[in-house]
Amino acid sequence: MGSEGFDKLSLDSIRQTLIGLEDTIIFSLIARAKFPLNSPAYDPNANKNVSFPGSLMEFLVKGAEAVQSQGGRYQTPEEVPFFPDGLPSAIICTSNCLQILPPAAASISVNKNIWDIYVNQFLPLLAAKGDDGNYALAVASDLVCLQAISRRIHYGKYVAEVKFRGAPEAYTAAIRAKDRDALMNMLTDEKVEAMVKQRVQKKAMVFGQEVTLSVTSNNSSNYKVDPSLVYRLYDEWIIPLTKEVEVQYLLRRLD
Ligand SMILES: C=C(O[C@@H]1C=C(C(=O)O)C=C[C@H]1O)C(=O)O
């Protein structure tokens, strides 16, 4: 998002972007679900190659982020690396180089939470048990999921900025008081959250249905990804982490 566009930003336009990211996230989950869990890819102890520490997934994600960083991926507040330490600089400055949000926005990241939830809680629910040896393909698919989920959650920085601009006095008072609960109450819109969760569950049913040429109606209830799991992903993890990003952003807004 270019800085010239920020002033035209509205909550509706940001929400439209988040709706678009729902599709990206759900299709990335469908792609990952094609592989079994392949647990050795996530186990640092399964890696006997001492040339790199950590799991195969950590090794592959670090390498991918290093290349993408040189291409300028991490020049906007919503694009946050999972392994920021030692990332090479961008070799080009894209239009997004311009300062969009206050400098403190760049330091806000909940990627450690996202990684831990995804690897240790969500992935075992998404992928079938088993090991087909396609570790690099499965991890490449994981990275697409993680980056889409992270982008969606860190879009909370823009949401918070628009909300701040909509009620600067009220937010300033809560920020000055470092009142996290007040900020959380002010930024929460339960009606919108409910619509988001219902919509992603329905999208998982539509996008994840098996398409056949059978003349009979396709009323099978087997989906490529469990729609109730997608609902839970948003309910227990994506929405709460988005709001956490909003609160962290607001607490730094007046720095
Ligand atoms: C993102 C927003 O802020 C909060 C988080 C939401 C979400 O993560 O889906 C939805 C509504 C709000 O409670 C918003 O207001 O759109």
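Here the structure is a predicted model, which is why all the values come from computation and not from measurement.

According to the stated counting rule, one finds six aromatic pairs in the structure shown. Seen in terms of ring centroids, tyrosine 118 and phenylalanine 122 are 6.1 Å apart; in terms of plane orientation they differ by 40°. Their pairing is tilted. Residue tyrosine 118 and its partner phenylalanine 122 are both found in helix α4 (residues 111-126); the two are separated by four residues, about one turn of the helix. Residue tyrosine 118 is classed as buried on the basis of its relative accessible area of 2%. For phenylalanine 122, a relative accessible area of 1% gives the class buried. Following the ring pairs from residue to residue traces out a cluster consisting of Phe82, Phe83 and Trp115. Between the NZ or CZ atom of lysine 62 and the centre of the ring of phenylalanine 83, over which it lies, the distance is 5.1 Å.

What follows covers the packing of helix α8 (residues 180-187) against helix α10 (residues 227-252). One way to put it is that α8 packs onto α10 with a least axis distance of 10 Å and a crossing angle of 120°. The pairing of α8 with α10 is recorded here as oblique in orientation. The two elements α8 and α10 meet at a crossing, and its hand is right-handed. Contact with α8, carried on its side by Arg180, Leu183, Met184 and Leu187, involves Lys243, Glu244, Glu246, Val247, Leu250 and Leu251 of α10 and no other residues of that element. Taken together, the residues of the contact of α8 with α10 sort by class into six nonpolar, no polar and four charged.

Counting across every chain of the model gives two cavities of 30 Å³ or more. Estimates place the volume of the largest cavity at around 70 Å³. Lining the largest cavity are Ile114, Ile117, Tyr118, Phe122, Ile149, Ile153, Leu233, Trp237, Ile238 and Leu241. Those elements that provide at least two residues to the lining of the largest cavity are α4, α5 (135-154) and α10. A breakdown of the residues in the lining of the largest cavity according to their chemical character gives 10 nonpolar, no polar and no charged. One number sums up the size of the second largest cavity: a volume of about 40 Å³. Of the residues forming the lining of the second largest cavity, the biggest block, three residues, is contributed by α5. Its residues placed into classes, the lining of the second largest cavity shows three nonpolar, two polar and five charged.

What counts, and at which threshold
Residues numbered from 1 in each chain as written. Predicted model: local features only at pLDDT ≥ 70, side-chain atom pairs only at ≥ 80, totals over all residues. Heavy atoms only, no water. Phe/Tyr/Trp six-rings, centres within 6.5 Å; stacked < 30°, edge-to-face > 60°. Helix = DSSP H or I, 4+ residues; strand = E, 2+ residues; numbered from the N terminus. Buried < 20%, exposed > 50% of the residue type's maximum accessible area, 1.4 Å probe, protein only. Lys NZ or Arg CZ within 6 Å of the ring centre and 35° of its normal. Axes fitted to C-alpha atoms, helices over the stretch in contact; angles between N-to-C directions. Parallel < 35°, antiparallel > 145°, perpendicular 65-115°, else oblique. Left-handed = near helix turned anticlockwise from the far one by under 90°. Contact = heavy atoms within 4.5 Å. Nonpolar A, V, L, I, M, F, W, Y, C, P; charged D, E, K, R; others polar. 1 Å grid on protein atoms, 1.4 Å probe; cavity = no way out; pocket = protein on both sides within 12 Å on 5 of 7 lines; lining within 4 Å. Points joined across faces, edges and corners; volume = space filled by probe spheres on them.

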